Amino acid sequence: MGGAGKSRILVIGGTRGVGLLIARLLHERGYAVRVLARDPAGVSNKLGPTFEVVAGDLTKEDTLPPALRDVDHIIFTAGAPSGRYAPESLVRATDYDGVIDTLAAARSAGFHGRFVYLNTIGIEKRSLAGFLINLLKRNTLVWRRRVEDKIRSSGLDYTIIRVGFLLDRPGGEHAINVSQGALPLAFRNHIARADVADAFVEAMEHPRASRTTFEIVWGSGPRQQSWSRLFERLRPD
């Protein structure tokens, strides 16, 4: 179903950052958007009455099943908070166990849509930036690498999108490099949050993005190719 058919999309992580941009973009394109939130009242005030906000906590698996009922696709952008220290217990509960519990709840709910997961580049290559991030958010890249295997073996349709360093810049202006290699986590490999949001919405229902893992960063020069054209080159995992 397309946006005009009012597919219902659950956004986990839709209260801030890229997830919030994705939720708003989905709404603009005519989808029914459901957002998981620990503070539903506060998030409803931020998003407005046309969004469905449901109570739930990613670290409490028993709160997830109600949010997963009757959704067509799931977009997962949540993770341990950035920019400050996070102990490994919180990192594992959010970046690993939270994803696994969501996959289990989706299977129990009879979910047949696509699970689109936000990850970072650099999880397969050592770098100074990766070392520092693992110190600040204890071993987050380790847990995020492990959880990708759980997604691939879940039996669900999925798309894993690894993104470069995120910038608060306008989208649609720069060329996008879509690759299935393993880029290092370095600031030169960056991309606007707005472009990431656009990529997620486009990949969610694109047939060539099914069961794929790919990385997106800005390329050189202005934007020339559509997401559909970029996705045509993807190979299944």
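The structure reproduced in this document is the subject of the present report.

Now for the sheet that holds strand β3 (residues 52-55). One open sheet accounts for eight strands, arranged β3-β2-β1-β4-β5-β6-β10-β8; its pairing is mixed. The sheet is open, and its two borders are formed by β3 and β8 (174-179), each paired with just one other strand. The average angle at which neighbouring strand axes cross in this sheet is 25 degrees, direction not considered. Pairing geometry for strand β2 (residues 32-37) and β3, over four bridges, is parallel.

If you walk through the whole model with that rule in mind, you get seven aromatic pairs. Measuring from centroid to centroid gives 5.8 Å for F165 and F187, while their planes differ by 55 degrees, and the two rings are tilted. Of this pair, F165 sits in strand β7 (residues 165-167) while F187 sits in the loop between β8 and β9 (190-192), and the two are 22 residues apart along the sequence. With a relative accessible area of 54%, F187 lands in the exposed category. One aromatic cluster in this structure is built from F76, F115 and Y117. Directly above the aromatic system of W143 lies the positively charged group of R146, at a separation of 4.7 Å from the ring centroid. Note that R223 overlies the ring of W227, its terminal NZ or CZ placed 4.8 Å from the centroid.

So, about the packing of helix α5 (residues 128-136) against helix α6 (residues 140-152). Direction vectors running N to C along α5 and α6 enclose 100 degrees, while the axes themselves pass 7 Å from each other. Here α5 is positioned roughly perpendicular relative to α6, judged by the angle of their axes. In this structure, α5 uses G130, I133 and N134 to contact α6, whose residues at the interface are T140, L141 and V142. Partitioned by chemical class, the residues of the contact of α5 with α6 number three nonpolar, three polar and no charged.

A word on the nonpolar core. In terms of nonpolar packing, the biggest core is built from 40 residues, with I22, L26, I75, I161, V196, F200 and I216 touching the most fellow members. Contacts of L26, omitting those with residues within four sequence positions, involve I9, V11, Y31, V33, I75, V201 and M204. Counting residues in hydrophobic clusters, the runner-up holds 29 residues, among them I74, F115, W143 and Y158.

Right, let's get into helix α4 (residues 88-108). The end-to-end C-alpha distance of α4, which contains 21 residues, comes to 28 Å, matching closely the 30 Å that a straight helix rising 1.5 Å per residue would cover. Of all the bends in α4, the greatest measures close to 40 degrees and is centred on D97. Taken residue by residue, α4 has V91, T94, D95, Y96, G98, V99, T102, L103, A105 and A106 as its buried positions. Tucked into the core, α4 has its buried residues touching β1 (8-12), α3 (65-68), β4 (73-76), β5 (114-120) and α6. Looking at the residues trailing α4, positive phi occurs at G110, about 75 degrees.

When you line up the elements, R34 lands in strand β2. Judged by its relative accessible area of 6%, R34 is buried. In contact with R34, other than residues within four places in its own chain, are R8, I9, L10, V11, E52, V54, P66, A67, L68, R69 and V71.

Cut-offs used in this document
Residues numbered from 1 in each chain as written. Predicted model: local features only at pLDDT ≥ 70, side-chain atom pairs only at ≥ 80, totals over all residues. Heavy atoms only, no water. Pairing = 2+ DSSP bridges. Helix = DSSP H or I, 4+ residues; strand = E, 2+ residues; numbered from the N terminus. Axes fitted to C-alpha atoms, helices over the stretch in contact; angles between N-to-C directions. Phe/Tyr/Trp six-rings, centres within 6.5 Å; stacked < 30°, edge-to-face > 60°. Buried < 20%, exposed > 50% of the residue type's maximum accessible area, 1.4 Å probe, protein only. Lys NZ or Arg CZ within 6 Å of the ring centre and 35° of its normal. Parallel < 35°, antiparallel > 145°, perpendicular 65-115°, else oblique. Contact = heavy atoms within 4.5 Å. Nonpolar A, V, L, I, M, F, W, Y, C, P; charged D, E, K, R; others polar. Core = buried A, V, L, I, M, F, W, Y, C linked by side-chain atoms within 4.5 Å. Expected span 1.5 Å × (residues − 1). Bend = angle between axes of the 7 residues up to and from the residue.

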